[in-house]
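Listed below are the residues making up each chain.
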Amino acid sequence: MWGLAVKVLVALLLSPVVLRLCNFISTVWRGHRYLKHYPSPKYGILGILPALATGRGHRVFTQYAKELGPIFHCRILWLHVLCVTDPVLVTEAYNSKVLDKNRAALMIMDAMLSPQDHPSLVTAMSDAHWKAVRKGIAPAFSPHNLRQCFRHVVEAGQQVRSVLLEWGPDRVVDIDNVLLREALDVIGRVGFDRDMGATKSLGGGPASSNVIATAEAMHEVEMRFREPYRRYKIWRKDVREGKKAFDRYHDIEKWLLNEIRTTPPAPSTIAGHLLRIKDPATGKPLADERILPEIGILFLAGFETTGHTAAWILFLLSQHPDKEAKIVAELDAAGLLASKRQPQPRELVYEDLSKLTYLNAAIKEGLRMFPAVGTGTTRLNPKRDVLLGGKILIPKGSLIWMPTHAIQNSTSNWESPDEFLPERWLEPGAEFAAGSTGSGKGEDGEEDGDMGSETRRPRRYVPFALGPRNCVGQTLANMNLTATLAQLLGRFSFKLAEEMGGPEGVLAAERASLTVSSEKGMQMHCIPRG
Ligand code: HEM
């Protein structure tokens, strides 16, 4: 009798459920034990989840960093988190070979991107499949390839210009929506060799259903981040509506897949690259269910981030006429400005992009103050402890969080971070921590042997993240931002409409979901030059 009872007890103790539970308890306990010494904000039973659920998570982290310094600890539900704004640690965490993506949180995005919940480039662990896809599409963003695609960016910009001219200066225009559509058309062309018609429909046609469907699906992702078990509450109408939003997004992906299968895109496009990738597991081209989430993420990442960023930069310039005047002078000197003297300036060419030094500085400064992925990114190792900088222990299963807005707007990293100063980018090396030459320590405290290398040199500017999981599309984003803003600023000046309630109203409307945008859009008057 006792023998049987002992056997049952041992069997129970060794059962996978109990082992998992023990593992879970040990992770939570170790997170608490090793991270509790760091300063921490006040929070309740749910940790800082309620603060993040306000939709202003990026500013919450910036405030914490201001109060608590460059390393602080917090909790989200049961998960212990070490937040770092210190450039040395940020750079090491991003470059770490033993820290990876936090699948548990990113799986929420998989439901939006894949009908079968398959991972995508952004949400996958750094496994053989991710490596194959990343290696396969990276050449689509090479300078050579982008030069080939440049005309699409110019055409989208021309389309926007002609609509804004037609609308005239009195009309209040949501320039955020206009720029999202412009970026959508660019990704349609550069990514998939398809005309998405988003800027054409600005002139009076129906609103682009793609923009709306994407925004609704992203809203549902945000709600699921805030309410982790939301997807199971199917008795609620809003949850069912959210699921439908995902279905509509899947329809866009399926439509795009069907398009590229029936009329193959040019080999230089992103989709052209995607179709040539071989699945490492089968040695065959990627199956439809693995291509769909990649199409979904490239489409989403391709326009949401760039469109909102361009709108924030126009907002900043509308508040700083002296900085706008410097861009105007630069465009004038390059023959790209519409004026009484020159009502029809020449069209932008690819070679202009790198010569527009002040405009590029203003773009960098805009990305510093309003990074699209403002709340930041996270990494973890679920299996072992990791030592960062030779001294900071990240217990297994605890998160390390790099809050982009806080890193780029904290007084410990920047002088006058609240001031819009494109001039700081005219100095070489402004993205690195002041006085830095390289961390000197590699992972787990090993001597780096690579002192002062660009990769290891501590960075305080990380809008596109760093390391192996940095933004693969950043060259396209930068090309599109410079080209679009040069084309628009060469023909218009932008004035914030009264509807926004001044700059205070804009900042009050700022919301961080997957990307940072204004919940009121960006209502502006577009005043033609010349
Ligand atoms: C201003 C524009 C953009 C910003 C600020 C931005 C920012 C970022 C950031 C911060 C990450 C890292 C996410 C993480 O570590 O979890 C990322 C990854 C990524 N971005 Fe971007 N992005 C922009 C534009 C684009 C564009 C235009 C594309 C493609 C068309 C793109 C495609 C991707 C992809 C596929 C990844 C995942 C890469 C990987 O993990 O291998 N992004 N982006």
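From a predicted model like this one, the values you see are computed outputs, not experimental measurements. (Residues numbered from 1 in each chain as written. Predicted model: local features only at pLDDT ≥ 70, side-chain atom pairs only at ≥ 80, totals over all residues. Heavy atoms only, no water.)

Draft legend 1. Up close: the overall build of the protein chain. A tally of regular secondary structure across the protein chain gives 17 helices and 11 strands. In terms of overall dimensions, the protein chain is globule-like: its C-alpha atoms have a radius of gyration of 24 Å, near the 24 Å expected for 530 residues. Long-range contacts, defined as pairs at least 24 residues apart, comprise 74% of the intrachain contacts of the protein chain with a sequence gap of at least 6. Total accessible area on the protein chain is roughly 23300 Å²; 59% of this is exposed by carbon and sulfur atoms. Side-chain charges of the protein chain comprise 66 positive and 58 negative groups, with the mean position of each set lying 5 Å from the other. (Helix = DSSP H or I, 4+ residues; strand = E, 2+ residues; numbered from the N terminus. Rg over C-alpha atoms; globule rule 2.2 N^0.38 Å. Contact = heavy atoms within 4.5 Å. Areas by Shrake-Rupley, 256 points an atom, 1.4 Å probe, with all protein chains shown as cover. Lys, Arg positive; Asp, Glu negative; His and termini not counted. Charge placed at Lys NZ, Arg CZ, Asp CG, Glu CD.)

Draft legend 2. Representation of the sheet that holds strand 1 (residues 71–76) in the model. Taken in spatial order, the four strands make up an open sheet running 1-2-7-4, and their pairing is mixed. Strands with a single pairing partner mark the edges of an open sheet, and in this sheet they are strand 1 and strand 4 (377–379). The average angle at which neighbouring strand axes cross in this sheet is 30°, direction not considered. In terms of strand pairing, strand 1 meets strand 2 (residues 79–84) through six bridges, oriented antiparallel. By the bridge assignment, Cys 74 is partnered in strand 2 with Val 81. Across the sheet, helix 2 (residues 16–35) is in contact with strand 1 and strand 2; its angle to strand 2 comes to roughly 35°. Lying over the sheet, helix 3 (residues 49–68) contacts strand 1, strand 2 and strand 7 (399–402), oriented at roughly 160° with respect to strand 1. (Pairing = 2+ DSSP bridges. Axes fitted to C-alpha atoms, helices over the stretch in contact; angles between N-to-C directions.)

Draft legend 3. Geometry of the packing of aromatic side chains. Within the structure shown, the criterion is met by 13 aromatic pairs. Look at Phe 61 and Tyr 64: their rings are 6.3 Å apart centre to centre, the planes differ by 85°, and that puts the pair in the edge-to-face class. Separated by three residues within a single helix, Phe 61 and Tyr 64 lie in helix 3, roughly one turn from each other. For Tyr 64, a relative accessible area of 10% corresponds to the buried category. Ring centres of Trp 425 and Tyr 461 lie 4.5 Å apart, and the angle between their planes is 55°; on these two criteria the pair is classed as tilted. Here Trp 425 is found in the loop between helix 15 (404–409) and helix 16 (474–489), whereas its partner Tyr 461 is found in the loop between helix 15 and helix 16, with 36 residues between them in sequence. The exposure classification of Trp 425 matches that of Tyr 461, with both residues buried. One aromatic cluster is present, formed by Phe 61, Tyr 64, Phe 72 and Trp 401 through successive ring pairs. (Phe/Tyr/Trp six-rings, centres within 6.5 Å; stacked < 30°, edge-to-face > 60°. Buried < 20%, exposed > 50% of the residue type's maximum accessible area, 1.4 Å probe, protein only.)

Draft legend 4. The nonpolar core, seen in detail. Residues Leu 164, Ile 175, Phe 299, Phe 494 and Met 522 are the most contacted members of the largest nonpolar core, which totals 111 residues. The element that contributes the greatest number of residues to this core is helix 12 (residues 288–319), accounting for 16 residues. Excluding residues that lie within four positions of it along the chain, Leu 164 makes contacts with Val 173, Ile 175, Leu 488, Phe 492, Phe 494 and Cys 526. Counting residues in hydrophobic clusters, the runner-up holds 20 residues, among them Ala 93, Leu 99, Ile 394 and Val 462. (Core = buried A, V, L, I, M, F, W, Y, C linked by side-chain atoms within 4.5 Å.)

Draft legend 5. Seen up close, the site of the ligand. Near the ligand you find 26 residues, and of these Lys 101, Trp 130, Arg 134, Arg 469 and Cys 471 are the closest. In the environment of the ligand, an oxygen atom lies 2.7 Å from a nitrogen or oxygen atom belonging to the side chain of Lys 101. Separating an oxygen atom of the ligand from a side-chain N or O atom of Arg 379 is a distance of 3.1 Å. Where the shell around the ligand is concerned, the elements lending two or more residues are helix 6 (128–137), helix 12 and strand 4. The leading source of residues in the shell around the ligand is helix 12, at six residues. (Near = heavy atom within 4 Å. Polar contact = N/O pair within 3.5 Å; in protein donor to acceptor, adjacent residues only side chain to side chain.)

Draft legend 6. Representation of helix 14 (residues 357–369) in the model. Look at helix 14: 19 Å from first C-alpha to last across 13 residues, which is about the 18 Å you get at 1.5 Å a residue. Of all the positions in helix 14, only Tyr 358, Leu 359, Ala 361, Ala 362, Ile 363, Glu 365, Gly 366, Leu 367, Arg 368 and Met 369 are classed as buried. Against the buried residues of helix 14 lie helix 12, helix 13 (321–333), helix 15 and helix 16. (Expected span 1.5 Å × (residues − 1).)

Draft legend 7. Expanded view of the sheet that holds strand 11 (residues 523–528). Strand order in this open sheet of three strands is 3-11-8, and the pairing throughout is antiparallel. A strand with exactly one partner marks an edge of an open sheet, and here the two such strands are strand 3 (173–174) and strand 8 (492–496). Of the strand pairs in this sheet, strand 8 and strand 11 are connected by five bridges, and their pairing is antiparallel. Paired with Ser 493 across the strands is Ile 527, a residue of strand 11. Seen against the sheet, helix 7 (residues 143–167) touches strand 3, strand 8 and strand 11 and runs at an angle of roughly 65° to strand 8.

Draft legend 8. Focus on the pattern of salt bridges. Scanning all chains against the criterion turns up 30 salt bridges. Note that Arg 161 and Glu 347 form a salt bridge whose closest N and O atoms lie 3.0 Å from each other. Highlighted residues: Arg 161 in helix 7 and Glu 347 in the loop between helix 13 and helix 14, separated in sequence by 186 residues. Residue classification places Arg 161 among the buried residues on the basis of a relative accessible area of 9%. Residue Arg 248 pairs with Glu 216 through a salt bridge whose shortest N-O separation is 2.9 Å. Note that Arg 248 is positioned in helix 10 (residues 237–262) and Glu 216 in helix 9 (residues 209–226), a separation of 32 residues in sequence. Residue Arg 248 is classed as partly exposed on the basis of its relative accessible area, which comes to 35%. (Salt bridge = Lys/Arg side-chain N within 4 Å of Asp/Glu carboxyl O.)

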